[in-house]
Protein chains: 2
Amino acid sequence: MKLIIDALGADEGAVMVAEATKLAMERHDFDAVLVGPKNQMEPILSSYLSRIEWIDTNEYITNDEHPVLAIRRKKQSSTVLGLQRLNEPDCDGFLTAGSTGALLAGGYFITKRIAGIERACLAAVIPNAAGGTVLVDTGANMDTTPEILFQFGTMGAVYMSEVLGRSNPRVGLLNVGAEPGKGDKRTQQAYELLKDSDLNFVGNIEARGLLDGSCDVLVADGFSGNVALKTLEGTAKTLFSEIRKGIYSSTKTKIGGALLKGVFKGIASTYDYKAYGGAPLLGTRKPLYKAHGNSGAQTFALAIPELLHYASSRVEEKIASRVEGDRKNGTDEN
Amino acid sequence: MKLIIDALGADEGAVMVAEATKLAMERHDFDAVLVGPKNQMEPILSSYLSRIEWIDTNEYITNDEHPVLAIRRKKQSSTVLGLQRLNEPDCDGFLTAGSTGALLAGGYFITKRIAGIERACLAAVIPNAAGGTVLVDTGANMDTTPEILFQFGTMGAVYMSEVLGRSNPRVGLLNVGAEPGKGDKRTQQAYELLKDSDLNFVGNIEARGLLDGSCDVLVADGFSGNVALKTLEGTAKTLFSEIRKGIYSSTKTKIGGALLKGVFKGIASTYDYKAYGGAPLLGTRKPLYKAHGNSGAQTFALAIPELLHYASSRVEEKIASRVEGDRKNGTDEN
């Protein structure tokens, strides 16, 4: 396998990406095309040069830029150069910790979507005691339609069964209440499309479903999906930081904290969103993978085997045939 | 002051409401119109009969019914009878733990909206270390426009300054990122309206703003506002339940838990959403107040002085004059 690794755009920069690549090369069998400042990275990767191809550039797309304009104008940016290289048949996937918007725009204009897919979506695994729930969309798309939400459900289900190995996954719809008929018009209509499909649809799920694992795939528009994700992360962070502050407030509480260290560690590891190095952008013709923007080398290094596994699962072909099937069913019914 | 208290529709029923009313009558000076089964409640309130008027009924609107149809058809329901009584000049406010949808529909068709207000919104205080943030809307409206979101901001700001006593409140807009231009089209346009207003607008706020108190009033459409609220409550509940499970797992951790009891108690009290008995539905001509559906008597009893204070603040008049001012400014600019 050959992966394109975008070394620019991560908060910690190209050196971190080189260190992560080194960690992954020690453990996994793959070749890499590294896109970024060669002079910064080559010394770190000196033992693996035979497995590396370089695309030397210093330009990249920032989070503040208009993604579509930037993809069109910044021809020397790491995202544009990397995605162009991905289009060649010897390359299997693309990984970046840079701008999500640029990845999405590049996915549309350079990699292209799977035939019949209206929008690509980010599919992050939300860790929970039930082994995790995939949230689609986590924030790639802001304005969507019921049909687009339905496609997110299809793509999320294919990803869950083919890549994460949970067959016939339960697909839920993020909503403000469990009863049918709840929610805004978009969600009400998406409910009908999901109910009438051959997905294993379990109905409306309130946001706490992300934590109790009451579904394997949770469908949401990117706006409310992102709100749910960030509320979850923010709440957990605030509560743990308050507990930490409390523990450090006296000798008595310090002892209490020491006795409960294992408990806190267990909970943190069950719900640690950095247990996953990244998330795929589902719906493009070749595998695109987004690592956390604030990744350190250890976390970024996790994303590499995730992408290797994802790319080897040939999810795009399965999504394409599902979408083709849905389209035919739709035609038959009309 | 005379409050109408809907005794039906709460999970725990009319006896709980009677007990809550008794608790509140012991401590606060007000008269009540109790709407519900008189025979169940009269014995509990025997010491306060001179302060109570009865509207005897057993009918109420459930959460499963279509609210607008139910308000039109169930003429003997506690919500319809209570709201009709509220329209008489001697009554000052209405409290219910029943269906939010029925309260909203009754507010529109019986109490009526303030002139110029397009939609009423639920304004819940989210407790946090900064003294709380008002979230408008918490879930009354599913399909909204930028103009409606702007009005939520105006009403939330009036409520925060006039009722909760924080002057010139910082108004934020719930969004997926802090930068201007983020979000869906509705949110982007609401941003412009809020920015150009005379509100103390502090820009886009990510969901964690509910916890760190980076704004006093957070504007959201009812769908994503409700998702944020439920994710917050669900995450806190899950984490505390995991901690409790961990504490009970061994003698060592039980001792740890005992030593940290004060810490957990402090955090739970800072973030306890039941510290407030309920939330107003802002935008109607007379004060409507929603208590938690799963209230016990203690929590429901908290909502009564909250409503007394809210009703005495004459928020409706201040909202009406703000909306009138906004309308005039709008006309001047055109």
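Topic: the interface of chain A and chain B
Stage number 1. The interface is formed by 47 residues belonging to chain A together with 47 residues belonging to chain B.
Stage number 2. Run the count over chain A and chain B and you get two salt bridges.
Stage number 3. Of the charged contacts in the structure, one is a salt bridge between Glu-206 of chain A and Lys-230 of chain B, with a shortest N-O distance of 2.5 Å.
Stage number 4. Here chain A and chain B share eight residue pairs in polar contact (both at pLDDT 80 or more) between them.
Stage number 5. At the level of elements, helix 7 (185–195), helix 9 (222–247), helix 10 (251–259) and helix 11 (261–270) of chain A are the ones that each hand at least two residues to the side of chain A that touches chain B.
Stage number 6. Residue composition of the side of chain A that touches chain B, by class: 22 nonpolar, 15 polar and ten charged.

Looking at the pairing of strand 11 (residues 288–291) of chain B
Residues and elements named next belong to chain B.
Stage number 1. Residues Leu-288 and Lys-290 line one face of strand 11 and the alternating positions Tyr-289 and Ala-291 line the opposite face, and both faces are buried.
Stage number 2. Judged from the three bridges that link them, strand 4 (residues 93–96) and strand 11 form a sheet pairing that is parallel. Across the sheet, Leu-95 pairs through a bridge with Tyr-289, a residue of strand 11.
Stage number 3. Relative to strand 11, strand 10 (residues 278–282) is paired through four bridges, and the arrangement is antiparallel. Note on strand 11: the bridge partner recorded for Pro-280 is Tyr-289.
Stage number 4. In this antiparallel pair of consecutive strands, strand 10 and strand 11, the connection spans five residues, and Gly-283 shows a positive phi of 120°.

Quick look at the sheet that holds strand 3 (residues 52–56) of chain B
All names here are of chain B.
Stage number 1. Reading across the sheet, the eleven strands line up as 3-2-1-4-11-10-5-6-9-7-8 and stay open at both edges, with mixed pairing between neighbours. The two strands at the open ends of the sheet, each matched to only one other strand, are strand 3 and strand 8 (200–205). Ignoring which end each strand starts from, the neighbouring axes of this sheet average 25° apart.
Stage number 2. Sheet topology places strand 1 (residues 2–6) next to strand 4; three bridges connect them, and they run parallel. Looking at the pairing, Ile-4 lines up with Phe-94 of strand 4.
Stage number 3. In the packing of helix 1 (residues 13–27) onto the sheet, contacts are made with strand 1, strand 2 (31–36) and strand 3, and the angle to strand 2 comes to roughly 180°.
Stage number 4. Its contacts with the sheet place helix 7 (residues 185–195) against strand 7 (170–174) and strand 8, and it is angled at close to 165° to strand 7.

As for helix 10 of chain A
Stage number 1. Those residues of helix 10 of chain A that sit buried are Thr-253, Gly-256 and Gly-257 of chain A. Along helix 10 of chain A, the residues classed as buried sweep out an arc of 100° about the axis, all on the same side. Those residues of helix 10 of chain A that are exposed and aimed more than 90 degrees away from the buried face are Thr-251 and Ala-258 of chain A.
Stage number 2. Elements that come into contact with the buried residues of helix 10 of chain A comprise helix 9 and helix 11 of chain A together with helix 10 (251–259) and helix 11 (261–270) of chain B.
Stage number 3. Sitting at the amino-terminal end of helix 10 of chain A is Ser-250 of chain A, which places a side-chain oxygen 3.4 Å from the backbone nitrogen of Lys-252 of chain A.

Quick look at the side chain of Asn-175 of chain A
Residues and elements named next belong to chain A.
Stage number 1. Within the fold, Asn-175 resides in the loop between strand 7 (170–174) and helix 7.
Stage number 2. Look at Asn-175 and you get buried, because its relative accessible area is 2%.
Stage number 3. Of the polar contacts made by the side chain of Asn-175, one reaches the backbone oxygen of Lys-182; its length is 3.0 Å.

Cut-offs used in this document
Residues numbered from 1 in each chain as written. Chains lettered and ligands numbered in written order. Predicted model: local features only at pLDDT ≥ 70, side-chain atom pairs only at ≥ 80, totals over all residues. Heavy atoms only, no water. Contact = heavy atoms within 4.5 Å. Salt bridge = Lys/Arg side-chain N within 4 Å of Asp/Glu carboxyl O. Polar contact = N/O pair within 3.5 Å; in protein donor to acceptor, adjacent residues only side chain to side chain. Helix = DSSP H or I, 4+ residues; strand = E, 2+ residues; numbered from the N terminus. Nonpolar A, V, L, I, M, F, W, Y, C, P; charged D, E, K, R; others polar. Buried < 20%, exposed > 50% of the residue type's maximum accessible area, 1.4 Å probe, protein only. Pairing = 2+ DSSP bridges. Axes fitted to C-alpha atoms, helices over the stretch in contact; angles between N-to-C directions. Arc of directions from axis to C-beta.

All quantities given are derived from atomic positions and should not be read as evidence of function.
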